[in-house]
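Here is how the chains run, residue by residue.
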Amino acid sequence: MQLNQGSWALHEGTVYTLSFRARASKKTQCALFVMMNHDPWSNLNLNRSIALGTEWQQYSFTVSNFTSDTKARLTFGDMGFAAGTTFEFADVSLCEG
């Protein structure tokens, strides 16, 4: 199971800050990717495992090594491995700087 957000242009050598809030109905993990939002769906140099708890938590990542792409997306994935778990995400942003 995946949740995909956005369609952003990313530029190699530019610093970006990715931030969001998240929680789950029980302690678990999910995957976080920034990838192409088109064929061949390649990863653009962000692939992390995120530990989630039952309380809202703020996450923030500074990334400076994205591969350039005109149509990138943020993907929360691997949620299907946590059967019976509810995932919540809020205030998702990807900004330069």
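Residues numbered from 1 in each chain as written. Predicted model: local features only at pLDDT ≥ 70, side-chain atom pairs only at ≥ 80, totals over all residues. Heavy atoms only, no water.

S.K.: Break down the packing of aromatic side chains for me, citing the residues and quoting the values.
M.R.: Both the distance between ring centres and the angle between the ring planes are used here to describe each pair of aromatic rings. Per the stated rule, a full pass over the model turns up five aromatic pairs. Geometrically, the ring pair formed by Y16 and F66 is edge-to-face, given 5.6 Å between the ring centres and 65° between the ring planes. Highlighted residues: Y16 in strand 2 (residues 16-24) and F66 in the loop between strand 5 (57-63) and strand 6 (69-77), separated in sequence by 50 residues. Here Y16 and F66 have matching classes, each one buried. These aromatic residues form a ring-pair network of at least three members: F20, Y59, F61, F76 and F89. Sitting over the face of the ring of W56, R21 holds its NZ or CZ atom 4.6 Å from the ring centroid. (Phe/Tyr/Trp six-rings, centres within 6.5 Å; stacked < 30°, edge-to-face > 60°. Helix = DSSP H or I, 4+ residues; strand = E, 2+ residues; numbered from the N terminus. Buried < 20%, exposed > 50% of the residue type's maximum accessible area, 1.4 Å probe, protein only. Lys NZ or Arg CZ within 6 Å of the ring centre and 35° of its normal.)

S.K.: Report on the nonpolar core, specifying residues and quantitative values.
M.R.: If you look at the biggest cluster of nonpolar residues, it comprises 26 residues, and the most contacted ones within it are F20, L32 and F66. Of all the secondary structure elements, the ones that give two or more residues to this core are strand 2, strand 3 (28-36), strand 4 (43-52), strand 5, strand 6 and strand 7 (87-96). Broken down by element, the residue count for this core peaks at five residues, all from strand 2. (Core = buried A, V, L, I, M, F, W, Y, C linked by side-chain atoms within 4.5 Å.)

S.K.: Tell me about the environment of D91, and name the residues and values.
M.R.: Inspection of the secondary structure assignment puts D91 in strand 7. The exposure class of D91 is exposed, given its relative accessible area of 54%. With residues up to four places along the chain from it excluded, the contact list for D91 reads S19, F20 and R21. A distance of 2.8 Å separates polar atoms of two side chains, one belonging to D91 and the other to R21. (Contact = heavy atoms within 4.5 Å. Polar contact = N/O pair within 3.5 Å; in protein donor to acceptor, adjacent residues only side chain to side chain.)

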